[in-house]
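# A look at the structure
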Amino acid sequence: MKFNLLNSEINIKEKADIRKLYIELTTHCNFDCEMCFRQSFREKFGSMKYELFQKILNDMKEFPDLRWVVLGGIGEPMVYKHFKDAVIELKNRGYRIIITSNGSLINDSMMDFLISAEVDKINISAEDSKIGHPFFKKTLELIKTFNNKVKDAGREYPKIGVEYALGKESIKRIEDTTKEIIEAGVSDIIFTNIVPTTKKVCDSTLYNKRKYENFDLYLNKLIIAQIYAIISKFKPRIERHCDFIENNATVIRWDGEVSPCYRLLHNYTEIVFGKEKRVEAHSFGNVKNQSLYDIWNSKDYMIFRFEVKNSLFPSCTDCEFRDSCFFINSTEEDCWGNSPTCADCLWWHRIAICS
């Protein structure tokens with residue numbers, strides 16, 4: 001596929017090179033956290049029909065390098081009525097599975113299932129404050145119990161990681177939290193900034209306000225404990241990249257729409273550096289009526305990936321016209337004509353991180 005860009009002819013070949021696939025089984029959840037994107041959704045909640053999931057399984061055969069499947073999205077995958085069936089189907093086909101969960105539905109029976117099914121990784125989301133995850137203390141006990149069960153079963157997997165959202169309240173007890181996480185026996189942790197979707201949550205954010213020097217100390221403690229840790233940035237950086245693009249990843253929403261990332265998966269409101277923004281869901285096609293291969297290799301999606309990988313769009317966060325520019329009101333378009341636009345994406349700046 002050829003196209004002209006900046007007086008140059010770009011030639012991109014079709015490739016079946018998806019390496020990581022995110023599947024959102026549902027947007028329903030048994031929690032109602034104030035910090036969640038669902039608080040500002042401008043769309044209905046829903047769950048994937050199992051026939052559609054099976055069609056996706058068939059489409060995945062066209063991608064020989066596809067090894068990792070993430071069952072996550074903006075919902076709790078374990079409330080999906082076919083959750084166990086989906087896990088078994090994926091493992092029977094040899095895929096490695098990561099499950100993103102709030103952890104509250106992982107009881108003894110579920111632990112036994114996840115161990116016997118040979119799930120590779122479970123990432124438990126957590127945020128220890130009034131606006132966030134109401135389950136943090138129990139999560140730590142859960143991880144200890146789960147790790148003991150894995151050991152007793154003579155297994156190495158699943159590994160258990162934590163995605164911990166940083167805010168004004170949770171940062172106050174970060175030293176104790178670091179100690180507790182080490183004691184719980186997590187395999188890895190991501191410390192990420194809260195991405196606010198309401199003004200109340202915006203007041204809890206840390207990024208772009210001051211630097212947290214002590215994180216080097218906590219990071220060193222985690223390294224000594226042999227826990228792999230990633231800590232988000234607190235200010236925009238010149239060096240930027242998109243994990244979804246770099247990992248050759250894509251996301252399939254519960255209704256079959258194929259999106260390039262979590263940020264553009266749904267219609268919701270986001271507050272970026274104090275400015276309210278309409279995030280508009282963007283799809284390059286629907287697997288109900290197209291193959292995943294054809295969507296991945298469509299002209300629009302190939303150009304989008306090329307432009308994001310090479311940062312061929314403006315950076316709104318440090319633009320001198322930011323306060324008066326109407327482009328920053330939504331993700332529909334930027335001043336360079338890109339649609340959708342990633343020009344002020346907090347994940348692009350590594351201020352927000354997800355697994």
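So, a few notes on the structure that sits alongside this text. (Residues numbered from 1 in each chain as written. Predicted model: local features only at pLDDT ≥ 70, side-chain atom pairs only at ≥ 80, totals over all residues. Heavy atoms only, no water.)

## A word on the side chain of Thr269
Structurally, Thr269 can be placed in strand 12 (residues 268-272). Relative accessible area serves as the criterion here: at 14%, Thr269 is assigned to the buried category. What Thr269 contacts, discounting residues up to four positions off in sequence, is Ser40, Arg42, Pro196, Thr197, Glu276 and Lys277. (Helix = DSSP H or I, 4+ residues; strand = E, 2+ residues; numbered from the N terminus. Buried < 20%, exposed > 50% of the residue type's maximum accessible area, 1.4 Å probe, protein only. Contact = heavy atoms within 4.5 Å.)

## Some thoughts on the packing of aromatic side chains
Under the criterion given, the structure shown has 14 aromatic pairs. Aromatic pair Tyr22 and Tyr262: ring centres 5.2 Å apart, planes at 75°, arrangement edge-to-face. Of this pair, Tyr22 sits in strand 3 (residues 20-23) while Tyr262 sits in the loop between strand 11 (258-259) and strand 12, and the two are 240 residues apart along the sequence. Taking the centre distance of 4.3 Å and the plane angle of 0° together, the rings of Phe284 and Tyr301 count as stacked. A residue pair is termed long-range when its members are at least 10 positions apart, and Phe284 in the loop between strand 13 (275-279) and helix 9 (292-296) and Tyr301 in helix 10 (residues 299-309) qualify at 17 residues. Each member of the aromatic cluster is reached from another via a ring pair, and the members are Phe284, Trp296, Tyr301 and Phe304. Cation over ring: Lys84 sits above Phe113, and NZ or CZ is 5.3 Å from the ring centre. (Phe/Tyr/Trp six-rings, centres within 6.5 Å; stacked < 30°, edge-to-face > 60°. Lys NZ or Arg CZ within 6 Å of the ring centre and 35° of its normal.)

## Here's the deal with the pattern of salt bridges
Inspection of the entire model under this criterion finds 16 salt bridges. Note that Lys55 is salt-bridged to Asp59, the shortest N-O span being 2.7 Å. Of this pair, Lys55 and Asp59 are both found in helix 1 (residues 50-60), four residues apart, which corresponds to roughly one turn of the helix. When its relative accessible area of 27% is taken as the criterion, Lys55 is described as partly exposed. Classification of Asp59 as buried rests on a relative accessible area of 6%. Across the salt bridge formed by Glu89 and Arg93, the nearest N and O atoms sit 2.6 Å from each other. (Salt bridge = Lys/Arg side-chain N within 4 Å of Asp/Glu carboxyl O.)

## Some words on the sheet that holds strand 5 (residues 96-101)
With mixed pairing, the nine strands of this open sheet are ordered in space as 9-8-7-6-5-4-3-10-11. Among the strands making up the open sheet, the edge pair consists of strand 9 (228-231) and strand 11. Pairing geometry for strand 3 and strand 4 (residues 68-71), over four bridges, is parallel. For Tyr22, the partnering residue across the bridge sits in strand 4 and is Val70. (Pairing = 2+ DSSP bridges.)

## Overview of helix 2 (residues 83-92)
Considered for burial, the residues of helix 2 that qualify are Phe83, Ala86, Val87 and Leu90. The buried residues of helix 2 occupy an angular sector of 100° when projected down its axis, which confines them to one face. In this structure, the buried side of helix 2 is in contact with helix 1, strand 4, strand 5 and helix 3 (108-116). Backbone geometry just after helix 2 places Gly94 at a positive phi near 85°. (Arc of directions from axis to C-beta.)

## Describing the packing of helix 4 (residues 136-152) against helix 5 (residues 174-184)
Close contact between helix 4 and helix 5 brings their axes to 9 Å; oriented N to C, the two are set at 25°. For the element pair helix 4 / helix 5, the angle class is roughly parallel. Every residue of helix 5 that contacts helix 4 at Phe136, Lys137, Leu140, Ile143, Lys144 and Asn147 is listed here: Thr177, Glu180, Ile181, Glu183 and Ala184. Looking at side-chain class alone, the contact of helix 4 with helix 5 contains five nonpolar, two polar and four charged residues. (Axes fitted to C-alpha atoms, helices over the stretch in contact; angles between N-to-C directions. Parallel < 35°, antiparallel > 145°, perpendicular 65-115°, else oblique. Nonpolar A, V, L, I, M, F, W, Y, C, P; charged D, E, K, R; others polar.)

## What about unusual backbone geometry?
Glycine aside, negative phi is the norm for most residues, and most peptide bonds take the trans geometry. Here the bond from Tyr157 into Pro158 is cis, since omega is 5°, no more than 30 degrees from zero. In this structure, Pro158 sits in the loop between helix 4 and strand 7 (159-166). The omega angle of the peptide bond from Ser339 to Pro340 is 0°, so this bond is cis rather than trans. Along the chain, the position of Pro340 falls in the segment after helix 10. Positioned with a positive phi, Glu118 is a non-glycine residue whose angle comes to about 60°. The residue Glu118 is located in the loop between helix 3 and strand 6 (121-126) in this model. We classify Glu118 as partly exposed; its relative accessible area is 47%. For Ser311, which is not a glycine, the phi torsion comes out positive at approximately 55°. In this fold, Ser311 is placed in the segment after helix 10.

Fair warning: the whole summary comes from geometry, so function is off the table for now.
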